[in-house]
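# Analysis of the macromolecular model
What follows is each chain in one-letter form.
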Amino acid sequence: MTDLYQSQRAMRQMRRQALQRGVVAILDVGSSKIACLVLRFDGVGDLSEDGSIGSLAGQSGFRVIGAATTRSRGVQFGEISAMQETERAIRTAVQAAQKMAGVRVDHVIACFSGANPRSYGLDAKVDLQDQEVSENEIARVLAACEVPDYGAGREVIHAQPVNFALDNRSGLSDPRGQMGQTLSVDMHMLTVDSSTVQNLMRCIQRCDLELAGIASSAYASGYAALVEDEQELGAACIDMGGGSTSISIFMKKHMIYADAVRMGGDHITSDISMGLGVPMANAERIKTFCGGVHATGADDRDMIDIGGDTGDWEHDRRTVSRAELIGIMRPRVEEILEEVRVRLDAAGFDYLPSQQIVLTGGSSQIMGLDSLASRILGQQVRLGRPLRVHGLPQSATGPGFASAVGLSLFAAHPQDEWWDFEMPVDRYPAHSFRRAFRWFKDNW
Amino acid sequence: MRSLIRRKIRGQGTAADPAPSRLRYRFQRWMLTPGIRFGLRFGLPLCLVCVAAAGYMADETRRDAVWGTVHSIRASIEERPEFRVNVMAIDGAGISVSADIREVVPLDFPVSSFDLDLAQIRDLIEGLDPVKTAGVRIRPGGILQIDVVERQPALIWRSRDGLALLDDTGAHVAELGRRSLHPDLPLIAGKGAADHASEALRLFAAAKPLGARLRGLVRVGERRWDVVLDRGQRIMLPEANPSRALERVIVVSEVKDLLERDVAVVDMRIAERPTVRMTQAAVEDWWRIREMNGGGL
């Protein structure tokens with residue numbers, strides 16, 4: 001645990017350096033595309049004194065000066081499967097973004113969607129030493145959380161204090177300076193497969209870049225696609241990507257649950273490809289231009305030229321009706337949404353006061369998805385697009401860029417994580433004698 | 001039959017890999033580094049220019065050619081009529097001094113104003129004895145204007161070499177052929193008298209009451225003054241405060257007609273003990289009168 005604490009702190013330090021230098025790159029490593037944004041921090045537009053968010057939603061401090069996207073290669077289910085290919089794709093995206101920005105970027109903040117994210121809710125309670133809640137006390141209560149055995153080969157990627165309670169008052173977001181006897185905390189911890197993270201780190205290192213932060217794309221897209229009141233009242237963001245669909249539930253502006261379904265738009269494409277017997281590229285084009293999930297009477301007569309490359313005239317001139325295409329796509333979309341439903345049920349989403357569901361990600365642009373989703377997931381479904389940030393090109397404002405935009409917001413205004421607080425002295429093994437002494441003092 | 005050309009156009013699977021090679025990627029990042037960009041934009045051209053210039057100048061003949069060109073351009077500018085000086089005008093100097101100035105400043109006009117060293121010309125002119133100060137400037141119209149303030153002779157100094165005119169600071173003004181050329185000027189003599197001209201002038205002022213009897217001042221032993229009157233009379237003055245001693249003598253003389261008597265020397269060298277030396281004839285007269293009076297007194 002100390003190891004991870006140190007490495008995350010090092011990453012925080014790196015991010016601070018990057019912000020000082022003023023330029024940082026955002027890298028969204030997805031299964032179907034890799035997006036890179038170059039942000040320039042001007043230092044203006046910080047949060048005001050009382051910490052409230054200003055008119056530009058607190059993101060006036062940075063500006064996107066370079067954006068590039070490239071077809072992803074070597075990434076499956078949001079995990080790197082062919083490192084050389086991924087490295088080349090990252091290089092392409094970073095180079096194009098740098099060229100557009102006209103500056104050299106050394107620090108990069110990355111996110112990925114796969115690696116089997118698993119959420120844990122932790123809580124702890126400590127008696128305050130001197131009535132007032134100080135930074136040290138918060139660190140102590142965070143350190144007192146009993147960490148479950150999340151298994152070997154897993155790593156904590158997020159550990160955020162979600163809620164603080166002081167005596168019988170709960171729902172405090174920042175208890176520092178308040179008086180009380182006991183302080184308790186609820187923490188949300190997200191673990192992922194460490195091999196995936198390490199692969200990504202290695203990939204970024206091989207591109208001569210320094211990793212200044214890493215985030216789950218479920219978190220990032222929720223941060224960008226959910227509007228402020230949804231984040232406050234509780235909502236689920238479903239980021240339907242190419243290789244995986246990530247789910248994040250937000251409440252009181254904190255992520256309280258994240259999960260991922262290892263299915264996405266690529267599976268729909270491969271279904272079409274298999275069902276119609278066309279290449280993946282054709283299938284992707286057909287899906288994008290003609291796809292849908294609700295068949296109407298007109299769709300029977302709407303014939304689509306599916307093409308082909310075999311040289312057989314008859315084969316290359318085949319057509320299907322749009323109804324057939326919808327018949328192929330709909331079961332897969334339903335399957336994905338059903339799976340999401342299962343995950344949401346498992347997370348206890350039903351018990352949240354607000355049942356808002358926001359669909360975002362590239363695959364959320366399938367026509368008629370919102371009505372299908374509302375049939376499966378619940379009544380309050382909307383399609384979400386990422387927040388508008390300064391300088392973002394029009395081509396990068398679509399729902400497919402939700403996690404990239406969210407990551408840039410995350411870079412500008414990171415939420416407190418467990419490793420932002422100093423580890424209390426008595427957690428270090430070197431001070432076991434002092435702990436023994438304190439135990440004696442407390443008990444005798 | 002498959003169309004080869006069409007296939008080539010539609011070939012989607014064989015599209016070129018857009019990824020930059022590792023080297024190109026590094027090169028681009030390198031070129032985006034601010035220091036490198038600055039170096040390439042300013043440092044490299046500067047280096048190239050320096051190297052080219054050094055390479056060109058390495059050859060002796062080229063170097064000479066360049067210097068020749070520079071000199072000819074410089075000369076052509078200097079030769080322009082705007083910078084030419086044609087005449088020398090001298091104001092405030094007499095005929096002989098003007099002639100002297102023209103002699104010591106040998107310029108063959110016309111000359112370029114770039115070639116004139118005005119400070120040096122001024123030093124040369126001020127080096128002349130009769131010139132107190134000189135101003136040298138170039139007036140519009142190509143005239144070298146020299147404004148001279150001459151020294152005014154205040155004293156005549158008689159030395160072994162002859163008569164010389166001195167101004168009130170004791171500086172040499174001119175040689176003097178005959179005393180009668182300047183009968184109004186007081187005369188001083190003796191070695192080192194010129195260095196104390198101002199003191200001499202003060203003594204002459206104090207000796208005004210003596211009128212026409214005053215012949216001049218003699219510097220004795222390069223330390224003190226003698227006032228020489230007609231009839232061979234002398235007033236020997238002390239080193240310190242000579243004009244006061246002279247005033248004392250004049251006062252006594254006015255009351256007791258000291259200098260009208262047959263006195264050879266009034267010795268004021270020791271202020272407490274003024275001494276009078278009579279002439280030989282007066283002494284003999286005095287002795288005779290004493291004998292006639294019966295050896296008394």
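Above: the structure in question.
Residues numbered from 1 in each chain as written. Chains lettered and ligands numbered in written order. Predicted model: local features only at pLDDT ≥ 70, side-chain atom pairs only at ≥ 80, totals over all residues.

With that out of the way, let us pick up the overall build of chain A. Check the secondary structure of chain A and you find 14 helices and 18 strands. The 444 residues of chain A split such that 45% are buried. Contacts spanning at least 24 positions in sequence make up 72% of the contacts within chain A whose residues lie at least 6 apart. (Helix = DSSP H or I, 4+ residues; strand = E, 2+ residues; numbered from the N terminus. Buried ≥ 20, exposed ≤ 12 C-beta atoms within 10 Å, placed from the backbone. Contact = placed C-beta atoms within 7 Å.)

Counting secondary structure elements, chain B contains nine helices and 14 strands. Within chain B, buried positions represent 16% of all 297 residues.

With that settled, the discussion passes to the interface of chain A and chain B. Listed as interface residues are twelve residues of chain A and, on the opposing side, eleven residues of chain B. With six residues, helix α2 (residues 83-101) of chain A is the largest single contributor of residues to the side of chain A that touches chain B. Of the residues belonging to the side of chain A that touches chain B, the class tally is three nonpolar, five polar and four charged. (Nonpolar A, V, L, I, M, F, W, Y, C, P; charged D, E, K, R; others polar.)

It is worth spelling out the packing of helix α7 (residues 197-206) of chain B against helix α8 (residues 242-256) of chain B at this point. Residues and elements named next belong to chain B. Axis separation between α7 and α8 bottoms out at 9 Å; the angle between their running directions is 15 degrees. Between α7 and α8, the crossing angle belongs to the class labelled roughly parallel. Classified by chirality, the crossing of α8 by α7 is right-handed. Along the contact surface, α7 presents R202, L203 and A206, while α8 presents P242, S243, L246 and E247. Across the contact of α7 with α8, the residue classes tally to four nonpolar, one polar and two charged. (Axes fitted to C-alpha atoms, helices over the stretch in contact; angles between N-to-C directions. Parallel < 35°, antiparallel > 145°, perpendicular 65-115°, else oblique. Left-handed = near helix turned anticlockwise from the far one by under 90°.)

So, on to helix α13 (residues 402-412) of chain A. Burial analysis of α13(A) places ten of its eleven residues in the buried class, the great majority of the element. When we look at burial in α13(A), the residues that qualify are A402(A), S403(A), A404(A), V405(A), G406(A), L407(A), S408(A), L409(A), F410(A) and A411(A).

Once that is clear, we can look at the sheet that holds strand β6 (residues 107-112) of chain A. Residue and element names in this part refer to chain A. Ordered in space as β3-β2-β1-β6-β11, the five strands form an open sheet in which the pairing is mixed. Unpaired on one side and paired on the other, β3 (62-71) and β11 (210-216) mark the two borders of the sheet. Averaged over all pairs of adjacent strands, the angle between strand axes in this sheet comes to 20 degrees, irrespective of strand direction. Judged from the nine bridges that link them, strand β2 (residues 33-41) and β3 form a sheet pairing that is antiparallel. Each residue of the ladder has a partner; that of V38, found in β3, is G66. Here helix α4 (residues 194-206) sits on the sheet in contact with β1 (23-29), β6 and β11, set at roughly 145 degrees to β6. Packing of α13 onto the sheet brings it into contact with β1, β2, β3, β6 and β11, and relative to β1 it is tilted by some 145 degrees. (Pairing = 2+ DSSP bridges.)

This next bit is on the environment of Q178(A). Residues and elements named next belong to chain A. Considering the arrangement of structural elements, one finds Q178 in the loop between β9 (169-172) and β10 (182-193). With twelve residues separating them in the primary sequence, Q178 and L166 have C-alpha atoms 8.4 Å apart. Excluding residues within four positions of it along the chain, Q178 makes contact with V133 and L166.

Looking now at unusual backbone geometry. Residue and element names in this part refer to chain A. You will see that F77, though not glycine, has its phi angle at about 55 degrees, which is positive. Position of F77 relative to the elements: it lies in the loop between β4 (75-76) and β5 (79-80). You can call F77 buried: it has 22 C-beta atoms within 10 Å. Despite not being glycine, D208 has its phi angle at roughly 65 degrees, a positive value. Residue placement: D208 occurs in the loop between α4 and β11.

A separate point is the nonpolar core. Residue and element names in this part refer to chain A. Among the nonpolar cores identified, the biggest contains 122 residues, and A25, C36, L37, A97 and A110 are the most heavily contacted of them. For this core, the element with the most residues is helix α11 (residues 322-347), which contributes ten residues. Sequence-distant contacts of C36, that is, excluding residues within four places in its chain, are made with A25, I26, L27, A68, A93, V94 and A97. (Core = buried A, V, L, I, M, F, W, Y, C linked by C-beta atoms within 7 Å.)

Each turn of an α-helix holds 3.6 residues, which means side chains three or four residues apart point in the same direction. Across its 13 residues, helix α9 (residues 280-292) of chain B extends 19 Å between first and last C-alpha, which sits within 8% of the 18 Å expected from 1.5 Å per residue. Positioned one or two residues after α9(B), G294(B) has a phi angle of 90 degrees, which is positive. (Expected span 1.5 Å × (residues − 1).)

It is worth spelling out the sheet that holds strand β9 (residues 187-189) of chain B at this point. Residues and elements named next belong to chain B. As summarised here, the arrangement of the nine strands in space is β8-β7-β6-β9-β10-β11-β12-β13-β14, forming an open sheet in which the pairing is mixed. Edge strands, defined here as strands with exactly one partner in the open sheet, are β8 (172-176) and β14 (275-278). Taking each pair of neighbouring strands and ignoring which way they run, the sheet shows an average axis angle of 25 degrees. Here strand β7 (residues 162-167) runs beside β8; their pairing, made up of four bridges, is antiparallel. The residue bridging L166 from the neighbouring strand is H172, located in β8. Relative to the sheet, α8 contacts β11 (224-229), β12 (234-236) and β13 (263-267), its axis offset from that of β11 by approximately 30 degrees.

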